[in-house]
Amino acid sequence: MATIKIENLQKSFADFTAVKNSNLTIHNKEFFVLLGPSGCGKTTTLRMIAGLELPTSGKIYLDQDEVSLLRASERDIAFVFQLFALYPHMNVKNNLAFPLKMQKYSRTEIKERVMEAAKLLRIDNILDAKISSLAGGDRQRVALGRALVRRPKAFLMDEPLGTLDSEFRELMCLELRKLHDDIDATTVYVTHDQQEAMSMADRIAVMNEGEILQADAPSVIYNKPKSKFVASFIGSPAMNFIPFNQAVQKNQTEINIEGVKIKIPNQHENSAGQENFLGIRPENLKLVSNGGISGKVFGIEYLGSRKIVTIDTSFGKIKVRIDSNVNLDIEENVQFTPSNNNQIIFDGKTDKSLISDFLS
Ligand SMILES: Nc1ncnc2c1ncn2[C@@H]1O[C@H](COP(=O)(O)OP(=O)(O)O)[C@@H](O)[C@H]1O
Ligand SMILES: [Mg+2]
């Protein structure tokens, strides 16, 4: 298995730059997720790593070797396309053998590699079964097996669960992560689904408009987002952003929102301008009977042990997570305030977090 490194990687199509000056090191055996909205350059990045697209500039390394300009077939990397694109009329054994037959491996070599992959994936007991008779999890194993027989250094997957319904998808996420761990693979996995990314990844790179904004462990991305974009892309329900027209100074300990004094973390930088945002996740707000920011209950979502209450305020809708046993009426006047010191201030001009230790 392998380390993948990309250095100042760039890809332009005519005068449009789809991937801008990207730098990443994906560690050996890591499950690494590229996450971002549609069109942000995930597939293009992955295709460059695979060798299906050549970079306009920059370099790609597989372990010590530079592979930037090598063909896909020379890279020892397996691109797992749609996980379910198997040959349904063939049995498992022939599906696994197919890529090796295409590459004209000898019969004994094919047999050995098919058995090896089948054992690793625990499908050696169903080698004669037809694909059409298999359950989803087994099909996924076969699809991975088809990549595995090539003994690649890394697996690349581009939204492999894209078309599945959500319940099945959750199960497949777990399966896929387990398979990754079983075979000690290095995996680069592309998705636009933040929940999928959060549940599977060792580390996530959040992309937007061709740029990698942050690459960190899921908990760091969630708790210490370096920019408002990253903060808004991760978490469900999403982080609240309360705008305020006030410059922030380095040693400031509170800000004023609608005449209410709100404490802010004191480890921050000066803001570049007057328009900034206070970012607070719904679980870090609480309802109070007085002294908070005012609003009216707009909606209540019941989630079992918790409720999410949406509050209409003069600066937009704010979501607060509360206990299920708290009863509220629509249109009721309420007040809310941070329940801890986990707020983040975002610079309205640069989009960056002002919390200094998030940026290091
Ligand atoms: N072959 C191509 N020619 C021109 N533009 C392309 C090509 N491939 C991708 N793009 C553009 O590059 C941007 C990034 O595409 P892509 O990497 O597929 O994004 P993602 O996978 O994140 O949805 C998009 O705006 C897309 O239209
Ligand atoms: Mg894509």
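About the cut-offs
- Residues numbered from 1 in each chain as written.
- Chains lettered and ligands numbered in written order.
- Predicted model: local features only at pLDDT ≥ 70, side-chain atom pairs only at ≥ 80, totals over all residues.
- Near = placed C-beta within 6 Å.
- Helix = DSSP H or I, 4+ residues; strand = E, 2+ residues; numbered from the N terminus.
- Nonpolar A, V, L, I, M, F, W, Y, C, P; charged D, E, K, R; others polar.
- Expected span 1.5 Å × (residues − 1).
- Buried ≥ 20, exposed ≤ 12 C-beta atoms within 10 Å, placed from the backbone.
- Contact = placed C-beta atoms within 7 Å.
- Core = buried A, V, L, I, M, F, W, Y, C linked by C-beta atoms within 7 Å.
- Domains from an automatic or database assignment.
- Pairing = 2+ DSSP bridges.
- Arc of directions from axis to C-beta.

1. Things to note about the site of ligand 1
Turning to step 1, where the next piece is worked out: In the vicinity of ligand 1, the contacting residues are F13, A18, G36, S38, G39, C40, G41, K42, T43 and T44.
Turning to step 2, where the next piece is worked out: In terms of residue count, helix 1 (residues 42-50) provides more of the shell around ligand 1 than any other element does, three residues in total.
Turning to step 3, where the next piece is worked out: Class assignment of the residues belonging to the shell around ligand 1 gives a composition of three nonpolar, six polar and one charged.

2. Quick word on helix 4 (residues 136-148)
Turning to step 1, where the next piece is worked out: Its 13 residues give helix 4 an end-to-end C-alpha distance of 18 Å, which sits within 8% of 18 Å, the value for a rise of 1.5 Å per residue.
Turning to step 2, where the next piece is worked out: Of all the 13 residues making up helix 4, ten are buried; the element is thus mostly covered by neighbouring parts of the structure.
Turning to step 3, where the next piece is worked out: On the buried face of helix 4, the contacting elements are strand 6 (77-80), helix 2 (92-102), helix 3 (107-120), strand 7 (154-158) and helix 5 (166-182).

3. Some details on the nonpolar core
Turning to step 1, where the next piece is worked out: V33, V80, L156, V188 and V206 are the most contacted members of the largest nonpolar core, which has 90 residues in total.
Turning to step 2, where the next piece is worked out: The two domains that each donate at least three residues to this core are domain 1 (4-228) and domain 2 (236-359).
Turning to step 3, where the next piece is worked out: Apart from residues no more than four positions distant in its own chain, V80 is found in contact with A143, L144, A147, F155, L156, M157 and P160.

4. Points about the domain arrangement of the chain
Turning to step 1, where the next piece is worked out: Splitting the chain by domain gives domain 1 (4-228) and domain 2 (236-359).
Turning to step 2, where the next piece is worked out: One C-alpha centre belongs to domain 1, the other to domain 2, and the line joining them spans 38 Å.
Turning to step 3, where the next piece is worked out: Contacts between the two partners involve six residues from domain 1 and, on the opposite side, eleven residues from domain 2.

5. Re the sheet that holds strand 1 (residues 4-13)
Turning to step 1, where the next piece is worked out: On the basis of which strands lie adjacent, the open sheet formed by four strands has the order 2-1-4-5 and antiparallel pairing. The sheet terminates laterally at strand 2 (16-26) and strand 5 (65-66), the two strands that pair on one side only.

6. Quick word on helix 3
Spacing of three or four residues puts side chains on the same side of an α-helix, whose turn is 3.6 residues.
Turning to step 1, where the next piece is worked out: Over its 14 residues, helix 3 runs 20 Å from end to end, which matches the ideal 20 Å to within 8%, given 1.5 Å per residue.
Turning to step 2, where the next piece is worked out: Within the sequence span of helix 3, burial applies to I110, R113, V114, A117 and A118. All buried residues of helix 3 lie within an arc of 130° about the axis, which places them on one face of the element. Away from its buried face, by an angle of more than 90 degrees, helix 3 presents the exposed residues T108 and K119.

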